[in-house]
Amino acid sequence: MLKWKAIGVSEGLAHAKALIIKEEDLTVVKDTITDVAAEQQRVTDAVEKAQVQIAQLRDEAEKNIGAAEAEIFDAHLLMLDDPDFVEGMTGIIADEKVCAEYACFVNCENFQQMFRAMDDEYMQARAADIGDISKRVLKNLKGIADNAIDAVTEPCILIANDLTPSDTARIGGKPVMGFITRIGGRTSHSAIMARSMGIPAIAGAGDRADDIADGDDLLLDGSTGEVVIAPDAETLADFKTKKAEEEKRREFLATYRDREGATADGRRVVIEGNIGKPDDAVRVAELGGEGVGLFRSEFLFMDRDDLPSEEEQFGAYKKACEAMAGKPVIIRTLDIGGDKEVPALSLEKEQNPFLGYRAIRICLNQTDLFLTQLRALLRAAQYGDLRIMFPMISSAEEIRSAKQVLQQAKDLLTAEGVAFNANVKVGIMIEIPVAAICADALAKEVDFFSIGTNDLIQYSCAVDRINEKISYLYRPLHPGVLRLIRMTAKAANENGIEVGVCGEMAGTPGMAPILCGLGVTNLSMSASAMLAAKADLADHTFAECQTFAEQLLAAPSATAAEELFAGWRK
Ligand code: PEP
Ligand code: MG
């Protein structure tokens, strides 16, 4: 038996066999061969396998996403059927006596160059498709499974370097009991996704993950970050007891499902859910969420090679509104950059991505992109209480510029006779310290604030939110951070606008009463944290919440504040 601890990022207990997700090694070496026919046969086999895989993906896409999205796979099948493409590879093997992998690599380069040199923009874009199908053929040649997650049929705990949003999306519906990642922390996006799906997860395991072999018996505790490899009988028995307690607590929390968020004496705090895809709203509604406080719209733009059209975005936003049946749905406009990449925009790599060309800064510069999203949002706002939120705001001028583009979107839709809702509330994220400090001025420009504590902590403590080496400096209870929240809430309260928190702090166990005491009116979190937040609030009067907040604000250090908080949680 071996035990260690990393960062618990998504609560819950899991017991299953380990499944290691290997990094794909697609490097190609120019090996020479003697048996040309055998090497050519490998190409034929790999291409045939790719055809079967793509046909399967096409059918799944047609069933789960739509016919239009499935068309891309038809195009890939046509390319694979092209004799020039396959003969390109077999020809290189015959001429140069090289291995199939190398032939595949060179053939891909040749075809891509040919497409890129064409005048037609559509044909130039086919270079990416060639890259895609060649990668698939190469993976087949190297015997790399299409996607290990797709192949999961037995209960397992995944071990990976990190999981991309599409990996995490793949987990849905599979018997994945939990996962462990080598990198990341509470606010990395795989952790956020784990919480919204209610899957126990641990991040920042680093090299300790090397202790785990495929098929090892594993225990994982997503709240403490503890991992046990090959547990003994006593540990297993303890685990079973803990699991039964967890089940009891779940039953208790379920009684809060249909209750409004409020303190024991009735001070309202609206409890909402964070989502990344429209379907997540269903879980928020099922778990008694009083709205969606943050829809991270950039998830619609990630893990794909093209941009979602106005129509596709409209469909997604409308779906979220419909799932929430009239309850508020705050949709944040694109927040890319930082740790979120959108391949279709080919943004340059930056030295300091979190401080760089990101979020509203991109949208105000690439207004076509912004206009498309705003048009889709205004149209979808006919189907519910949709509200628009701008991220990474640092000044009143940015708000005014963003509102000008919003007005432009309204003018365009009016001129085209397209139906939309013009009376949409507009708010901003407060996640840059200067915005918190100047919140009194910004409150006059908008209908609501939502404090993005993930970034607010990162910027005010000067600590990269995804760097596990310095995660000990990432202190949500730093009195400096609490003062920024207090300042923001005070400005909002005085100006009569709502002020939410939508960073991970909102859903951290025990934190709801503190944030309520600081003057926050709305809390938005992973769906799985909502019931516990309601229960935490119901345990205290508003006066108690205010006293907690005052004591933490007055604490001489982050450590002192953390000790106070831990004492109350006992
Ligand atoms: C935040 O910064 O707190 C936030 C909610 O946004 P994101 O985590 O997507 O940056
Ligand atoms: Mg943020």
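Residues numbered from 1 in each chain as written. Chains lettered and ligands numbered in written order. Predicted model: local features only at pLDDT ≥ 70, side-chain atom pairs only at ≥ 80, totals over all residues. Heavy atoms only, no water.

## So, the nonpolar core
No. 1: Ranked by size, the top nonpolar core spans 104 residues in total, and within it Tyr317, Leu386, Phe390, Phe449, Ile485 and Leu523 carry the most contacts.
No. 2: With 8 residues, helix 12 (residues 367–380) is the single largest residue contributor to this core.
No. 3: Excluding residues within four positions of it along the chain, Tyr317 makes contact with Phe295, Ser297, Leu300, Phe301, Ile331, Gln373, Ala376, Leu377, Ala380 and Leu386.
No. 4: Within the second largest apolar cluster, 32 residues are counted, among which are Phe85, Met89, Ala103 and Ile133. (Core = buried A, V, L, I, M, F, W, Y, C linked by side-chain atoms within 4.5 Å. Buried < 20%, exposed > 50% of the residue type's maximum accessible area, 1.4 Å probe, protein only. Helix = DSSP H or I, 4+ residues; strand = E, 2+ residues; numbered from the N terminus. Contact = heavy atoms within 4.5 Å.)

## Describing the domain arrangement of the protein
No. 1: On domain assignment, one finds that the protein holds domain 1 (2–22 + 152–252), domain 2 (36–142) and domain 3 (257–569).
No. 2: On a C-alpha basis, the centres of domain 2 and domain 3 stand 42 Å from each other. (Domains from an automatic or database assignment.)

## Regarding the site of ligand 1
No. 1: As a matter of local geometry, ligand 1 sits amid 16 residues, with Arg296, Arg332, Gly452, Asn454 and Arg465 nearest to it.
No. 2: A distance of 3.0 Å separates an oxygen atom of ligand 1 from a polar atom in the side chain of Asp455.
No. 3: Arg465 is positioned such that a nitrogen or oxygen atom in its side chain is 2.7 Å from an oxygen atom of ligand 1.
No. 4: Surface burial for ligand 1 is 100%, taken as the share of its 290 Å² of free accessible area covered by protein chains.
No. 5: Ranked by residue count, the leading element in the shell around ligand 1 is helix 16 (residues 453–460), at 3 residues.
No. 6: Among the residues making up the shell around ligand 1, the classes are represented as 3 nonpolar, 5 polar and 8 charged. (Near = heavy atom within 4 Å. Polar contact = N/O pair within 3.5 Å; in protein donor to acceptor, adjacent residues only side chain to side chain. Areas by Shrake-Rupley, 256 points an atom, 1.4 Å probe, with all protein chains shown as cover. Nonpolar A, V, L, I, M, F, W, Y, C, P; charged D, E, K, R; others polar.)

## Regarding the sheet that holds strand 11 (residues 328–332)
No. 1: Read around the closed barrel, 8 strands run 9-10-11-12-13-14-15-16, paired in parallel fashion. Along the sheet, successive strands turn relative to each other by an average axial angle of 30°, direction set aside.
No. 2: Bridge count for strand 15 (residues 498–501) against strand 16 (residues 522–525) is 2 bridges, and the pairing is parallel. Among the inter-strand pairings, Gly500 is bridged to a residue of strand 16, identified as Asn522. (Pairing = 2+ DSSP bridges. Axes fitted to C-alpha atoms, helices over the stretch in contact; angles between N-to-C directions.)

## Considering unusual backbone geometry
No. 1: One non-glycine residue, Ala230, lies in the positive phi region at around 50°.
No. 2: The backbone of Ser346 sits at a positive phi, close to 40°, despite the residue not being glycine.
No. 3: By the element assignment, Ser346 lies in the loop between strand 11 and helix 11 (360–365).
No. 4: Given the relative accessible area of 62%, Ser346 is considered exposed.

## Focus: the packing of aromatic side chains
No. 1: Tallied over the full model, the rule gives 7 aromatic pairs.
No. 2: Summarising the aromatic geometry, the rings of Phe548 and Trp568 are spaced 4.4 Å apart at their centres and angled 35° between planes, so their arrangement reads as tilted. You can see Phe548 sitting in helix 20 (residues 542–553) and its partner Trp568 sitting in helix 21 (residues 558–569), a full 20 residues away along the chain.
No. 3: According to the relative accessible area criterion, Phe548 is buried, its value standing at 15%.
No. 4: Given the relative accessible area of 30%, Trp568 is considered partly exposed.
No. 5: In this arrangement the basic side chain of Lys318 is found over the ring face of Tyr383, its NZ or CZ atom lying 4.8 Å from the centre.
No. 6: Sitting over the ring of Phe314, Arg379 keeps its end group 4.2 Å from the ring centre. (Phe/Tyr/Trp six-rings, centres within 6.5 Å; stacked < 30°, edge-to-face > 60°. Lys NZ or Arg CZ within 6 Å of the ring centre and 35° of its normal.)

## Looking at the packing of helix 3 (residues 83–96) against helix 4 (residues 100–116)
No. 1: Contact geometry for helix 3 and helix 4: axes closest at 9 Å, N-to-C directions at 125°. Taken together, helix 3 and helix 4 sit at an angle that is classed as oblique. Of the two possible hands of crossing, helix 3 and helix 4 adopt the one that is right-handed. On helix 4, the residues that touch Asp84, Phe85, Gly88, Met89, Ile92, Ile93 and Glu96 of helix 3 are Ala100, Tyr102, Ala103, Cys104, Val106, Asn107, Asn110 and Phe111.
No. 2: Partitioning the contact of helix 3 with helix 4 into residue classes produces 10 nonpolar, 3 polar and 2 charged. (Parallel < 35°, antiparallel > 145°, perpendicular 65-115°, else oblique. Left-handed = near helix turned anticlockwise from the far one by under 90°.)

## Some words on the state of the cysteines
No. 1: One pass over the full model with this rule turns up 0 disulfides.
No. 2: Free cysteine Cys108: the closest other cysteine sulfur is in Cys104, separated by 6.7 Å.
No. 3: Looking at the unpaired Cys516, the closest cysteine sulfur is the one in Cys545, lying at 4.2 Å. (Disulfide = S-S within 2.5 Å.)

## So, helix 7 (residues 189–197)
No. 1: Of all 9 residues making up helix 7, 8 are buried, and the element is well covered by its neighbours.
No. 2: Taken together, the buried positions of helix 7 are His189, Ser190, Ala191, Ile192, Met193, Ala194, Arg195 and Ser196.
No. 3: Taken from the residues just after helix 7, Gly198 is the one with a positive phi, measuring 70°.

## Here we look at the sheet that holds strand 8 (residues 226–229)
No. 1: Judged by pairing direction, the sheet is mixed, and its 8 strands sit side by side in the order 1-8-7-3-4-5-6-2 without closing on themselves. The open sheet is flanked by strand 1 (2–5) and strand 2 (7–10), the only strands paired with a single partner. Strand-to-strand twist across the sheet, computed as the mean angle between neighbouring axes with direction ignored, equals 30°.
No. 2: Packing against the sheet, helix 7 makes contact with strand 2, strand 5 (176–181) and strand 6 (201–203), and its axis sits at approximately 50° to strand 2.
No. 3: Helix-sheet contacts for helix 8 (residues 233–254) involve strand 3 (13–20), strand 7 (217–221) and strand 8, and the interaxial angle to strand 3 is about 120°.

## Overview of the pattern of salt bridges
Side-chain pairs of opposite charge can arise where the charged atoms are in close proximity.
No. 1: With the rule as written, the count across this model stands at 34 salt bridges.
No. 2: Here Arg465 and Asp455 are joined by a salt bridge, their closest N and O atoms 2.9 Å apart. Residue Arg465 is located in the loop between helix 16 and helix 17 (479–494), and its partner Asp455 is located in helix 16; the two are separated by 10 residues in the primary sequence. Judged on exposure class, the residue Arg465 and its partner Asp455 are both buried.
No. 3: A salt bridge links Lys490 to Glu494, with the shortest nitrogen-to-oxygen separation between them at 3.4 Å. (Salt bridge = Lys/Arg side-chain N within 4 Å of Asp/Glu carboxyl O.)

## Structural notes on helix 17
No. 1: Between its terminal C-alpha atoms helix 17 stretches 22 Å, which fits the 22 Å expected from 16 residues at 1.5 Å a residue.
No. 2: Within the sequence span of helix 17, burial applies to Pro479, Val481, Leu482, Leu484, Ile485, Thr488, Ala489, Ala491 and Ala492. (Expected span 1.5 Å × (residues − 1).)

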